[in-house]
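Descriptive structure summary
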Amino acid sequence: MVKCIDLHKSYGQTIALQGVSFEVNAGEIFGIIGPDGAGKTTLFRILTTLILANQGSATVNGFDVVKEYREIRKCVGYMPGRFSLYQDLTVEENLEFFATVFNTTVEENYELIKDIYQQIEPFKKRRAGKLSGGMKQKLALSCALIHKPTVLFLDEPTTGVDPVSRKEFWGMLKKLKAQGITILVSTPYMDEASLCDRIALIQKGKFLSIDTPQNIVNQYKNQLWAVRSMNMSKLLNDLRSNKSFENCFAFGDSHHVSIENKKLEIKTLEEYLLKCGHTDIEITEIQPTIEDCFMEISKDTTL
Amino acid sequence: MENVITATNLTKQFGHFTAVDQISFEVERGEIFGFLGANGAGKTTAMRMLCGLSKPTSGIGTVAGFDIHTQTEKVKKNIGYMSQKFSLYDDLKVWENIELFGGIYGMNDQDIKIKTDKLMYELNFEKERNMLVASLPLGFKQKLAFSVAIFHQPQVVFLDEPTGGVDPVTRRMFWEMIYKAAENGITVFVTTHYMDEAEYCNRVSIMVDGRIEALDSPKNLKANYSAKNMDEVFQKLARKSQRIE
Amino acid sequence: MKQLLSFVRKEFYHILRDKTTILILLLMPIIQIILFGFALTTEVKDTRVAVLIPQSDEITTKLVERIHASSYFDVVNTIQSSYEIQKTFRDSQAKLVLVFENDFAAKLKHDGIAHIQLIADATDPNAATSFTFYVSNIISSYQQDMIGTMKNPYQITPEVKMLYNPQMIGAFNFVPGVLGMILILICAMMTSIAIVREKEKGTMEILLVSPMRPIYTILAKITPYFVLSCINFLTIIILSVFVLKVPIAGSFFTLVIISMLYIFVALALGLLISTLTESQVAAMLISGMALMIPVMLLSGMIFPIENMPLPLQIFSNVIPARWYISAVKLVMIQGLGFSAIIKEMLVLSFMAITLIAISLKKFKVRLE
């Protein structure tokens, strides 16, 4: 459905993409996971025919992004960051306008957006500018779907949105996938990665890894322990001073300790921490999250 | 332990719409206080009142000992502020930004110079000192922005989603800077949508529909709501929202 | 077609919902007309005059009375010595001082000649020229009357006649200028801002990634401002004719044709500006700087082109307003027909076609 071969893009001195290649199958939810500035928006803009790559080629739904851009523009849905909506038009007016832009009507594909739109329908006479982030998100999604696109490009649709709305949003995406729409979505939130069929981890214009979330987790080489104690701040320092660990990072309510040398035992660590003066020590071996994997893989490129 | 921020029945109304509905809380010196809530719950409005940017409709509040109704200028002098949207001037160099904000907060030139050198060393920014902020990677920018926000040693620093979109490693480095600042006595008032960051706070408040629905340490909140982590706590509370907009 | 209509409707929503801007756009011409028509006038009225008459006699008295009686002048003071002349000007008591020669009447009767000195405050040279001219007229006409009672075989009487605008009403000059300026401001500046706003807000991205042809975007952006300009055009004409009493000497239809042409040029200019900038502020500044100022200074609206140095005269040919204002003057004030404004029409048509061609070519199908 979407195919990229060795895409390169620079803006003057800044290199945005350094040789990106991947494929997305029809009906997949493909996530592009990475922080700001990694190149996600640039990639999306190339695929939606908004900008031209310096090098490489790409096709969407069989059409070349350079030569057959008009065809692509008829069959894709695009939701750029910042939920581009007309602030001074109402919810209803925005939807109707975009419907005509796509040569269709709101009624024609209403089934597709019904679940989403019904949540904002009570506010249909309200100006888009006066909606909250979660509502704007839903409206923008509806507008991007109104013409039943074959491929949906969502550029950071959940950034700056609270966790509840984010969760709801992903629920909506799953339903869309069931309708056969291929979805490419980018996000900086690592926890959303597990909701995709396949993901690509991107950092500084390069894909670090492309696979299913589970495979990426399986490929994590080291052992991972979650460590807790009474004094988390001190714990972090003490863990770091102990040189037997690869890495130690805070992960919410516990610290994740990454161990290369599988010979290390939990008991040893426990003793060490007791000596440091910690109480209420909890150490458990855990499966890595996508975030752990990302940090591990991107280690070499960041620092 | 003295209270650096106090709020009693703080309310803000826009016409018929009550954005913030009688919230009351206190924040102690050196605390890391997480201020959570869904979009539209009233977080930003509440923060603006505390920063002296917006006048409350009713209720009282003090920040750094100054009244947020009548002494807004004094409040502003004693706080630091950093948000995701703006923190530094892109077209000024690193040291120029520091000098600018130092000056705005009334530091004298000698002080600024000494502290700038110290900061550059601590952040390992010696090479980047003369670079335009626009050319810094996002992670660097955010770290620098935070340092600038606390440069003048304010009593409280307000952080509005400071780690949005930042890569995971830098996010953690950022929070380590927050810890250090708190250890040095700076009270940190932070909002975030990363629920794992909520765990790093001493106490967390969750706003729903303009009211504070929960206020406690992450540990207690998880116990009270039978949740594994803060994300679950948040999901349970925020779902009750009537304000589905 | 449906796409275009929907888009145009959206554009009207934007404009109508921005109450401040639309108020300014509709009120601006009215305010300008009133200002230029009534408040800012270069006409001479009630100019304060002081007279220095060493010895009053019947001629000096009658002359002074005549001057005073005219609506253009107001004799406010009679001063006694040349000493006081300086003081009169310094204290702004008068803008003109008439100094009569000693024994004025006697000298006139016996020598056939007597002198009056006109000393004018030429701080505003244009005004000074005007009122010295007027006062000379009054003196000459008095002289004429006197001649009837005296023997003087040779008489060369200059006869001055003011064509088209006999009363020299300033408004005749300003109405075409105001038309030129308002129309180009609304069309060029507002159109360019409207297009750039889409770019700035990010909605342009969505419009591009759609089957809608970019030409529709352009047409839809232009249409509301075209309508607005027509409304303003009519407002200005109505105000001019009925309030300022500036008649349309020529054909109204011709006026409409040339105005439509000018509006097209202005719209094309707006389009071109929008392809050059990424932010609304920049669009506004470029429109303001590049349009307003040259129009005000170099189009012949305020300062006559013939008086400018050659390089500027040549440059003023590039300014569309110059041609439009000239055409309007020919049609509205002089009452001439199509044949007289062929040159202007050709130039404006050429400008319109060129600008539209360039803008369309520059209009980006992609973001960069």
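A few points on the structure. Predicted, not measured: the structure shown is a model, and the values here were computed from it. Along each chain, residues carry numbers from 1 onward, in the same order as the chain's sequence is written. Numbering of ligands from 1 and lettering of chains from A proceed in the order in which they are written. At least 70 in pLDDT is required for a residue's local features to be given in this predicted model, at least 80 for side-chain atom pairs to be given and counted, and no such filter applies to totals for whole chains, interfaces and linings, which use all residues.

1. Considerations on the overall build of chain A
Helix and strand definitions here come from DSSP, where helices need a minimum of 4 consecutive H or I residues and strands a minimum of 2 consecutive E residues; each element is numbered from the N-terminal end. Helix and strand counts for chain A stand at 10 helices and 14 strands. Overall, the C-alpha framework of chain A stretches about 70 × 45 × 35 Å when taken along its three principal axes. We call a residue exposed when 12 or fewer other C-beta atoms sit within 10 Å of its C-beta, buried when the count reaches 20 or more, and partly exposed for counts in between; the C-beta positions come from the backbone. Considering chain A as a whole, with its 303 residues, one finds that 47% of them fall into the buried category.

2. Considerations on the interface of chain B and chain A
In this description, any two residues whose backbone-derived C-beta atoms lie within 7 Å of each other are considered to be in contact. At the junction of the two partners, chain B supplies 28 residues and chain A supplies 29 residues. Elements with a minimum of two residues in the side of chain B that touches chain A: α6 (168-183), α7 (195-198) and α9 (230-238) of chain B. The element best represented in the side of chain B that touches chain A is α6(B), accounting for 5 residues.

3. Here's the deal with the interface of chain C and chain A
Counting residues at the interface gives 21 residues for chain C and 22 residues for chain A. Contributing elements (two or more residues each) for the side of chain C that touches chain A: α1 (2-17) and α8 (203-208) of chain C. At 7 residues, the largest contribution of residues to the side of chain C that touches chain A is made by α1(C). Gly counts as polar in this scheme, as do all residues outside two lists: the nonpolar Ala, Val, Leu, Ile, Met, Phe, Trp, Tyr, Cys and Pro, and the charged Asp, Glu, Lys and Arg. A class-by-class count of the residues in the side of chain C that touches chain A yields 8 nonpolar, 6 polar and 7 charged.

4. Section: unusual backbone geometry
Here the phi dihedral of A:E156 falls at roughly 50°; this positive angle occurs in a residue that is not glycine. Here A:E156 shows up in the loop between β7 (151-155) and α6 (163-178). Taking the C-beta count within 10 Å as the criterion, A:E156 has 23 such neighbours and is therefore assigned buried. Even without a glycine there, the phi angle at B:N9 is positive, about 50°. Within the element layout of this structure, B:N9 appears in strand β1 (residues 3-14).

5. Let's talk about the packing of helix α3 (residues 58-69) of chain C against helix α6 (residues 125-147) of chain C
Residues and elements named next belong to chain C. An axis is simply a line fitted to the C-alpha atoms; with a helix, the fit covers only the stretch in contact. Between two such axes, the angle follows the N-to-C directions and lies from 0 to 180 degrees. Relative orientation of the contacting elements α3 and α6 amounts to 130°, with a least axis distance of 10 Å. Of the possible angle classes, the one that applies to α3 and α6 is oblique. Read as a crossing pair, α3 and α6 show a hand that is right-handed. Mapping the contact onto sequence places L63, R66 and I67 in α3 and V135, I138, I139 and Y142 in α6. Its residues assigned to classes, the contact of α3 with α6 comprises 6 nonpolar, no polar and 1 charged. Working rule for angles: under 35 degrees goes down as roughly parallel, over 145 as roughly antiparallel, 65 to 115 as roughly perpendicular, anything else as oblique. By convention the crossing between two helices is left-handed if the near helix lies anticlockwise of the far one by an angle smaller than a right angle, and right-handed if it lies clockwise.

6. Observations concerning the pairing of strand β3 (residues 32-37) of chain B
All names here are of chain B. Burial within β3 is extensive, with 6 of its 6 residues counted as buried. Every second residue of β3 is oriented toward a common face, with I32, G34 and L36 on one face and F33, F35 and G37 on the other, all of them buried. In this analysis, strands are considered paired if DSSP registers two or more bridges between them. Of the strand pairs in this sheet, β3 and strand β8 (residues 187-191) are connected by 3 bridges, and their pairing is parallel. When the sheet's bridge partners are listed, F33 is paired in β8 with F189.

7. Side note on helix α5 (residues 133-145) of chain A
Residues and elements named next belong to chain A. One less than the residue count of a helix, multiplied by 1.5 Å, gives the span that helix is expected to have. When the terminal C-alpha atoms of α5 are compared, their 18 Å separation across 13 residues agrees well with the 18 Å that a helix rising 1.5 Å per residue should span. Counted residue by residue, α5 has 12 buried out of 13 residues, so it is predominantly covered. Considered for burial, the residues of α5 that qualify are G134, M135, K136, Q137, K138, L139, A140, L141, S142, C143, A144 and L145. Looking at the buried positions of α5, the neighbouring elements they touch are β6 (76-79), α3 (91-101), α4 (110-120), β7 and α6.

8. So, the nonpolar core
Definition of nonpolar core: a set of buried Ala, Val, Leu, Ile, Met, Phe, Trp, Tyr and Cys residues joined via C-beta atoms within 7 Å. Grouped together as the largest cluster of nonpolar side chains are 159 residues, with contacts concentrated most on A:I183, B:V157, B:V188 and B:F189. Setting aside chain neighbours within four positions, we find B:V188 in contact with B:I32, B:F33, B:V157, B:L159, B:I178, B:A181 and B:A182.

9. Comments concerning the arrangement of the chains
There are 2 pairs of chains in contact here; the most contacts are made by chains A and B. Nowhere do chain B and chain C come into contact; their C-alpha atoms are at least 16 Å apart.

10. Topic: the sheet that holds strand β10 (residues 211-216) of chain B
Residues and elements named next belong to chain B. The 6 strands lie next to each other as β6-β7-β8-β3-β9-β10, forming an open sheet whose pairing is mixed. Looking along the sheet, the strands with just one partner apiece sit at the ends: β6 (79-83) and β10. Strand-to-strand twist in this sheet, taken as the mean axis angle between neighbours without regard to direction, amounts to 15°. Across the sheet, helix α5 (residues 138-149) touches β6 and β7 (156-160), and the angle it forms with β6 is around 160°.

11. Concerning the packing of α4(A) against α5(A)
All names here are of chain A. Where α4 meets α5, the closest approach of the two axes is 9 Å, and the angle between their N-to-C directions is 150°. One element, α4, and the other, α5, form an angle in the roughly antiparallel class. In this structure, α4 crosses over α5, and the sense of that crossing is left-handed. From α4, L112, I113, I116, Y117, Q119 and I120 reach across to α5, where they touch M135, K138, L139, L141, S142 and L145. Considered class by class, the residues forming the contact of α4 with α5 number 9 nonpolar, 2 polar and 1 charged.

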